[in-house]
Amino acid sequence: SQQGEEDPQALSIQEGENATMNCSYKTSINNLQWYRQNSGRGLVHLILIRSNEREKHSGRLRVTLDTSKKSSSLLITASRAADTASYFCATSNFNKFYFGSGTKLNVKP
Amino acid sequence: ETGVTQTPRHLVMGMTNKKSLKCEQHLGHNAMYWYKQSAKKPLELMFVYNFKEQTENNSVPSRFSPECPNSSHLFLHLHTLQPEDSALYLCASSQLDRSTDTQYFGPGTRLTVL
């Protein structure tokens, strides 16, 4: 399967701490994207990193991509209670998207 | 919020009912998708439409029947569903001719089959 697999499945941290989530995949990709989902809602796109990029920043988000290891990480710095959600990585290859099961992040105030 | 709307937001139906889910995108995209999200499982891609033509059917049972009358509207017709079909059904759209093929999701329809 080309699906991304997130790790850990669940993460609980205190407000102000950093949260790191990892994603592994199995085949070649055009790009890798991270999405966020609040409970029972649709997914919201956070950030995209192309296969020829190694690191990307957007506000408090930092994404890395290691194509040799077929892995990516999402770092959320200075977390807030509002960051509580599920986070999914999605690999993309020729307009097909493959999502993992997600990491459930709980940020305690 | 995202330019993709879905109705209804919640649906309860019996196994003998026939119902339809509707999705509309206001983003001018040329591709639309149906996904199924069940608890603790990866998001499952069901159908893909490019320029109103179905390009992907991921072995979805025939009790799910998609319809795409134009590039802005997508339907999922449901009939004789099973309780295991209860899930969150998400619609998404994207613009395929861009190098950044980001998907924009609707809020989903929470379906319960009794």
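Scroll up to find the structure.
First, a word on scope: everything that follows refers to the structure included in this document. (Residues numbered from 1 in each chain as written. Chains lettered and ligands numbered in written order. Predicted model: local features only at pLDDT ≥ 70, side-chain atom pairs only at ≥ 80, totals over all residues. Heavy atoms only, no water.)

1. Some details on the state of the cysteines
All told, the structure shown has 2 disulfides over all chains when counted by the stated rule. At a sulfur-sulfur separation of 2.0 Å, the disulfide partner of Cys23(A) is Cys89(A). Taking the torsion about the sulfur-sulfur bond, which here is approximately 65 degrees, the covalent link between Cys23(A) and Cys89(A) counts as right-handed. Pair noted here: Cys23(A) is in strand S3 (residues 19-24) and Cys89(A) is in strand S9 (residues 85-93), with a separation of 66 residues, a long-range link. As far as burial versus exposure is concerned, Cys23(A) and Cys89(A) are alike and both buried. Counting only cysteine sulfurs, Cys91(B) is the nearest neighbor of Cys68(B), a cysteine outside any disulfide, at a range of 9.1 Å. Residue classification places Cys68(B) among the buried positions, given a relative accessible area of 11%. (Disulfide = S-S within 2.5 Å. Helix = DSSP H or I, 4+ residues; strand = E, 2+ residues; numbered from the N terminus. Buried < 20%, exposed > 50% of the residue type's maximum accessible area, 1.4 Å probe, protein only.)

2. Quick word on unusual backbone geometry
Cis geometry is found at the peptide bond from Asp7(A) to Pro8(A), where omega equals 0 degrees. Examined against the element boundaries, Pro8(A) turns out to sit in the loop between strand S1 (5-7) and strand S2 (10-14). Each neighbour pair has its own omega, and for Thr7(B) with Pro8(B) the value is -10 degrees, a cis peptide bond. Along the polypeptide, Pro8(B) turns up in the loop between strand S1 (4-7) and strand S2 (10-13). Positive phi, normally seen in glycine, also occurs at Ala78(A), with a value near 45 degrees.

3. Quick word on the environment of His29(B)
Residue and element names in this part refer to chain B. Note that His-29 resides in the loop between strand S3 (18-25) and strand S4 (31-37). Separated by 59 residues in the primary sequence, His-29 and Leu-88 place their C-alpha atoms 23 Å from one another. In this structure the side chain of His-29 is engaged in a polar contact, spanning 3.4 Å, whose partner is the backbone nitrogen of Ser-94. (Polar contact = N/O pair within 3.5 Å; in protein donor to acceptor, adjacent residues only side chain to side chain.)

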